[in-house]
Amino acid sequence: LFLRGYNKNMSLLFDDGIDRANTDPADYLEPHYKYLNRSGRKQFSEARERLDGWYEKYIESCLREAERLKNDFCSADDQQHLSAYTELYTHHLLIENGFDVECHPVVPGSTNKPEFLARKDGERQFYVECRALIGSPDAVRNEKWKNEILDAINQINSPDFLISMEVVKSDNVNPPRSGRMREYL
């Protein structure tokens, strides 16, 4: 692939040449991208290959946006990662359905710049705005708190017991400390 302004490092969303022998599950707090990038599981290897292929197609029609998308996709912030994934996946769907895609087009009579303009046979068909809805700030904070506790429980060496957790009520102001909970257990 040769494009003006194209940088070969842009063609990969995932680190090249790293050891991917670890097939353990992700920690609850581990960012999605970090786990996907490091996992040695076969299904994640296949996913990385597919996503890199989608990204190369993205570069072909959205060269100026490619570095921003890659930075967002590789983010440790799951919300940013999932938003970039949504944009990449939507772009892939448009291409697979035979559309020519223009990234962040100018919309006549508007200051909005949606993610894509889809064209077929040179004719404008529709605009696409991508949004990944993750949850309210309180819901995200509660999920993070729950995941901290689950990771703390998983650090306990207890081969003779299975521990499960159900959140009945949460307190956004004073969540329990996971270290103290682990000591108690």
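Whatever comes next refers back to the structure up there.
What counts, and where the lines are drawn
- Residues numbered from 1 in each chain as written.
- Predicted model: local features only at pLDDT ≥ 70, side-chain atom pairs only at ≥ 80, totals over all residues.
- Heavy atoms only, no water.
- Helix = DSSP H or I, 4+ residues; strand = E, 2+ residues; numbered from the N terminus.
- Expected span 1.5 Å × (residues − 1).
- Buried < 20%, exposed > 50% of the residue type's maximum accessible area, 1.4 Å probe, protein only.
- Contact = heavy atoms within 4.5 Å.
- Polar contact = N/O pair within 3.5 Å; in protein donor to acceptor, adjacent residues only side chain to side chain.
- Salt bridge = Lys/Arg side-chain N within 4 Å of Asp/Glu carboxyl O.
- Axes fitted to C-alpha atoms, helices over the stretch in contact; angles between N-to-C directions.
- Left-handed = near helix turned anticlockwise from the far one by under 90°.
- Nonpolar A, V, L, I, M, F, W, Y, C, P; charged D, E, K, R; others polar.
- Disulfide = S-S within 2.5 Å.

Caption draft 1: Structural detail: helix 4 (residues 78–96). The terminal C-alpha atoms of helix 4 lie 26 Å apart, and with 19 residues this matches the ideal 27 Å at 1.5 Å per residue to within 8%. For helix 4, every residue scored as buried is listed here: His-81, Ala-84, Glu-87, Leu-88, Thr-90, His-91, His-92 and Leu-94. Check the buried side of helix 4 and you find it contacts helix 1 (32–38), helix 2 (42–61), helix 3 (63–73), strand 1 (100–103), strand 2 (116–120) and strand 3 (123–128). You can read the cap of helix 4 off the contacts: a side-chain oxygen lies 2.9 Å from the backbone nitrogen of Gln-79, and it is on Asp-77. Following helix 4 by one or two positions, Gly-98 has its phi on the positive side, about 85°.

Caption draft 2: Spotlight on the pattern of salt bridges. Per the stated rule, a full pass over the model turns up seven salt bridges. Note that Glu-46 and Lys-42 form a salt bridge whose closest N and O atoms lie 3.0 Å from each other. Of this pair, Glu-46 and Lys-42 both sit in helix 2, four residues apart, which is roughly one turn of that helix. Here Glu-65 makes a salt bridge to Arg-68, at a shortest N to O gap of 2.9 Å. Placement of both Glu-65 and Arg-68 in helix 3 is noted, with a separation of three residues, approximately one turn of the helix. Taken together, the shared-partner salt bridges connect Glu-65, Arg-68, Asp-72 and Glu-87 into one network.

Caption draft 3: Looking closely at the packing of helix 2 against helix 3. Their axes nearest at 7 Å, the elements helix 2 and helix 3 cross at an angle of 145°. Considering only the axes of helix 2 and helix 3, their crossing is right-handed. Counted together, Leu-51, Tyr-55, Tyr-58, Ile-59 and Ser-61 of helix 2 and Leu-63, Glu-65, Ala-66, Glu-67, Arg-68, Leu-69, Lys-70 and Phe-73 of helix 3 form the full contact between these two elements. A per-class count over the contact of helix 2 with helix 3 returns eight nonpolar, one polar and four charged.

Caption draft 4: Representation of the state of the cysteines. Scanning the entire structure with this criterion turns up one disulfide. The disulfide bridge from Cys-62 ends at Cys-103, spanning 1.4 Å between sulfur atoms. Of this pair, Cys-62 sits in the loop between helix 2 and helix 3 while Cys-103 sits in strand 1, placing them 41 residues apart in sequence. Judged on exposure class, the residue Cys-62 and its partner Cys-103 are both buried. Free cysteine: Cys-74, not disulfide-bonded; nearest cysteine sulfur from Cys-62 at 16 Å. We note that Cys-130 lacks a disulfide partner, and the nearest cysteine sulfur, in Cys-103, lies 9.6 Å from it.

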